[in-house]
Amino acid sequence: MTEYRGWIHQRQKELMQRWYARLDESARTGWPPAICLMISGNCVELLEAFGIVPIYPEVNALQLAIRHQSLGPILAAEELGYATDNCAYVKADIGAYLMGLTPSGGRLPRPALVLCNFVGCNTYIKWFEHVAAFLDAPLYVLDVPFLRGEEPSPADIAYVVAQLKELVHRIEALTGLRFDLDRFRDAVRCSQRVEDLWSRIKHLARREPSPFDAYFDAITLMGPLYVYRATPEGVEFFERALAELEAKAARGEGVYECERFRVVVEGPPPYPYFRAFRDMFARWRATAVASTYSTVGGIWEFGFRHDPDRPFETVALHMLAHNLTNRNYLQRYDQIRRYVEDWRADGVIIHFVKSCRLFSAGQGDMREYLTRALGVPTLYIESDLEDPRYFAEAQIRNRVDAFFEALERHKRAGQRRIAV
Amino acid sequence: MRCAAGVDVGSTQTKAVILAEERPSASPRIVARAVVDTGANVARAAECAFQAACREAGLDPHEIGMIVGTGYGRYRIAFGHAQVTEISCHARGAHFIFPETRTVIDIGGQDAKVIRVGPEGDVRDFVMNDKCAAGTGRFLANAAEVLGLSLEEIGPLSLRATDPVKLTTVCTVFVESDILSYLAQGRRPEDILRGVHLAIARRTISLARRIPIEPAVTFTGGVARNIGMVRALEEILGLPIHVSPESHFMGALGAALFALERMEHRSAGDPALRGRG
């Protein structure tokens, strides 16, 4: 396995450590203020305009899982009464709070505000209500309507913009900071640049071989994308990451010495078994050339960008229409179809997350659509993104191996699609 | 003559099959088969099954040109040359015995899977039970135990049912209390057993319907030896089902066929086989 381990990984680690150090500083000194928010299509640009540091409970939860520390907090939350089939992110986060556990070992500050920026999942609303109650912090719930058509209506955009402006006043009142429109435009300009760079990285995966894995390597890049998107550090990181991956592509280097399969992955990874899961693909030299999970924060590879000339409006547009979870299922089908066709994939892997109904409900139908309507070989596997108890390694490996065995025979027979 | 072996290390039993090919284009024939309980030592079970098959064939293990392992314990077979999943192997084995096979239903000790097969025996699609032994061989074994019967008895006995019970569960653990409550109501064991078989058949067929069921359907795996299960599946499916006396060995047979194919590719210098196996 020739897994990429270069500057990107090193710098990502440093940036994430620096973020946790800022949170620790905030906890110790009360400065800078911190606000809790969610990844999915968020308005971190607004926080940057105030110099407020974001706290991402989802990132904390996944960091615990990838370090094999999620089961303890999950059990602690279950002891408190959270059901076994509750979202495991919620349980790990709440349990970690109860146990005083943080991924970095440092402290997490009491947020000036708990900002629920995604209402598509009612569990998430409850999660943030609980966080606000446990931390005795104020809660603000942004009501972002689901995308019902191809584009959000002007009324939807105006509705979200009005809430963002109300949020600005709320933050001013809570922190005593003054909102600076120029600083907001600067943050939006940074996001625009990062989105452009990130999108170009994603398009590099259209090369054969792909110089990076758009699922496993993309997850490494997603930390800086979410925490530093609206900052000059984010711009610097993605500029260099793109240069490094472009150089790799120019040398004709793929993720593996000889790329054998190209797949699209739908669903988050099983973080407690991240390496074991990656190894299942590596054994077959299968590169993920695209993934839907890497678009939870935002879908930028099809052209959408924040715009400093229309900062409020484009932040609202991003929240309404240009992130995976606020869109409907048929749009997700189409996103996967485009990946399969434009990124020239051999098949699709769907990872069903037991404790996340929002992301996973309907994936059975999705599999049917892909295999029956498009003739795309599709593998469906089940475990969890956070709870290690749902991962049966032998069974998952068996399915993955069988899938690639079948794909191999297809490729040898010169077929790209299965006969339906 | 070229010989190849397939060893299928299943959760309950380990099976081995040796195939011989008189000349390159001739159809291979099964020259030996062996089965042992898997037990706790997977590597040893594989070795025992392979050695027993060699003895039956009257062959020295060195005369076997290629050995392919399959089943959950496939990576523990130290003497094997390559590993292939039992999904590919059952498809291949079923196609070898019944070339018209387009759907394979395989029910083993802890697994139930349905495989859509192409005209060449290639896997087109598959679905499996999730991480739970509901509706598998283990479920039947538990039901037999509660009724004080052997696994061999329950299939034929179930066919004598006149008024099958409706089981409320296919959970391997809860089936016990379900059966006890029917016994307490004075229901006959044959009616209870028919209910047990129909419950598994319904679950398996609903799994199968996730991929289009295309005839001919071949039933493989250890549970295919149970006539009650064959009839229950046929009733729910509304189609006749192929069952071979080799059904229990289908995974090992498929593995042996892959072993022969690899011998051929190896002698032809197929680059696709480099770097694996």
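Counting from 1, residues in each chain are numbered in the order their sequence is written. Chains and ligands are labelled by the order in which they are written, letters from A for the one and numbers from 1 for the other. pLDDT decides what is reported in this predicted model: residues at 70 or higher carry local features, side-chain atom pairs at 80 or more are listed and counted, and totals for whole chains, interfaces and linings draw on all residues regardless. The side-chain figures draw on all heavy atoms in the structure; neither hydrogens nor water molecules are used.

A. Fine view of the packing of helix α6 (residues 189-208) of chain B against helix α7 (residues 227-237) of chain B. All names here are of chain B. To define axes, lines are fitted to C-alpha atoms, for helices over the stretch in contact only, and angles between the resulting N-to-C directions are given on a 0 to 180 degree scale. Numbering of helices and strands runs from the N terminus; a helix is a DSSP stretch of H or I covering at least four residues, while a strand is a stretch of E covering at least two. Running from amino to carboxyl end, α6 crosses α7 at an angle of 55 degrees, the nearest separation of the two axes being 8 Å. As summarised for this structure, α6 and α7 are arranged oblique, according to the angle between their axes. In this structure, α6 crosses over α7, and the sense of that crossing is right-handed. On the side of α6, the interface is formed by Arg194, His197, Leu198, Ile200, Ala201, Arg202, Thr204 and Ile205, while α7 contributes Gly228, Met229, Arg231, Ala232, Leu233, Glu235, Ile236 and Leu237. Gly is placed with the polar residues, together with every amino acid not listed as nonpolar (Ala, Val, Leu, Ile, Met, Phe, Trp, Tyr, Cys and Pro) or charged (Asp, Glu, Lys and Arg). Of the residues assigned to the contact of α6 with α7, the class counts are nine nonpolar, three polar and four charged. Any angle that is under 35 degrees is reported as roughly parallel, and any over 145 degrees as roughly antiparallel; angles of 65 to 115 degrees are reported as roughly perpendicular and all others as oblique. If you view the pair so one helix is near and one far, a crossing is left-handed when the near helix is turned anticlockwise from the far one by less than a right angle, and right-handed when it is turned clockwise. We call two residues in contact whenever any of their non-hydrogen atoms come within 4.5 Å of each other.

B. Up close: helix α9 (residues 216-228) of chain A. In this analysis the local bend is the angle between axes fitted, respectively, to the seven residues ending at and the seven residues starting at the residue. At Met222(A), α9(A) shows its largest kink, close to 30 degrees, and the proline Pro224(A) lies no more than four residues downstream. The buried fraction of α9(A) is high, at 13 of 13 residues. Accessible area is worked out with a 1.4 Å probe on protein chains only. A residue is then buried under 20% of its type maximum, exposed over 50%, and partly exposed in between.

C. Molecular detail of the sheet that holds strand β6 (residues 286-291) of chain A. Residues and elements named next belong to chain A. Any two strands between which DSSP finds at least two bridges are classified as paired. Read across the open sheet, the four strands follow the order β6-β5-β7-β8; overall the sheet is parallel. Two strands bound the open sheet, and with one partner strand each, they are β6 and β8 (378-383). When the angles between neighbouring strand axes are averaged without regard to direction, this sheet yields 30 degrees. Alignment of strand β5 (residues 261-266) against strand β7 (residues 347-353), held across four bridges, turns out to be parallel. In the sheet register, Glu266 faces β7, and the bridge partner there is Ile350. Along the sheet, helix α15 (residues 363-373) contacts β5, β7 and β8; its crossing angle with β7, the most-contacted strand, is approximately 170 degrees.

D. Main features of the layout of surface pockets. Roughly 1100 Å³ of internal volume is contained in the largest pocket. Around the largest pocket, the lining is made up of 46 residues, and of these Leu62(A), Gln63(A), Ile66(A), Ile219(A) and Tyr271(A) lie nearest the centre. Counting residues per element, the ones that place at least two in the lining of the largest pocket are α1 (7-29), α3 (57-66), α9, α11 (274-282) and α14 (357-360) of chain A. Looking at which element gives the most residues to the lining of the largest pocket, the answer is α1(A), with seven residues. The method works on a 1 Å grid over the protein atoms by themselves. A cavity is a set of points holding a 1.4 Å probe that cannot get out, a pocket is an open set with protein on both sides within 12 Å along at least five of seven lines, and residues with an atom within 4 Å of a point line them. Grid points are joined across faces, edges and corners, and a volume is the space filled by probe spheres set on the points. The computed volume of the second largest pocket comes to approximately 650 Å³. Considering the residues around the second largest pocket, the lining is formed by 30 residues, among which Gly108(B), Gly109(B), Gly222(B), Val223(B) and His248(B) are closest to the centre. Every element with two or more residues in the lining of the second largest pocket is listed here: β2 (13-21), α2 (86-97), β6 (103-107), α3 (137-146) and α4 (151-158) of chain B. Tallying contributions element by element places α3(B) first for the lining of the second largest pocket, with four residues. Residue composition of the lining of the second largest pocket, by class: six nonpolar, 15 polar and nine charged.

E. Looking closely at the packing of aromatic side chains. Residue and element names in this part refer to chain A. Stacked, edge-to-face and tilted are the three classes for Phe, Tyr and Trp ring pairs, Trp counted by its six-membered ring, which pair at centre distances within 6.5 Å; planes under 30 degrees apart are stacked, over 60 edge-to-face, the rest tilted. What the rule picks out here adds up to 34 aromatic pairs over all chains. Between Tyr124 and Trp127 the ring centres are 5.1 Å apart and the planes differ by 90 degrees, which places this aromatic pair in the edge-to-face class. Separated by three residues within a single helix, Tyr124 and Trp127 lie in helix α6 (residues 122-135), roughly one turn from each other. Just as Tyr124 is buried, Trp127 falls in that class too.

F. Structural detail: the interface of chain B and chain A. Residue-level contacts link 32 residues of chain B with 30 residues of chain A. Buried area: the accessible surface (1.4 Å probe) lost by two parts on joining, summed over both. For the pair chain B and chain A, the summed buried surface comes to about 2500 Å²; carbon and sulfur atoms form 42% of the total. Criterion for a salt bridge: a side-chain nitrogen of Lys or Arg within 4 Å of a carboxyl oxygen of Asp or Glu. At the boundary of chain B and chain A, one finds three salt bridges. Note that Arg367(A) and Asp125(B) form a salt bridge whose closest N and O atoms lie 2.4 Å from each other.

G. A look at the nonpolar core. Remark: nonpolar core denotes a set of buried residues (Ala, Val, Leu, Ile, Met, Phe, Trp, Tyr, Cys) joined through side-chain atoms within 4.5 Å. Counting 151 residues, the largest nonpolar core has Trp19(A), Tyr89(A), Leu115(A), Leu164(A) and Phe404(A) as its most contacted members. With residues up to four places along the chain from it excluded, the contact list for Tyr89(A) reads Glu58(A), Ala61(A), Leu62(A), Tyr124(A), Trp127(A), Tyr271(A), Tyr293(A), Leu385(A) and Glu386(A). Counting residues in each nonpolar core, the second largest holds 39 residues, with Ile179(B), Val196(B), Ile200(B) and Val223(B) among its members.

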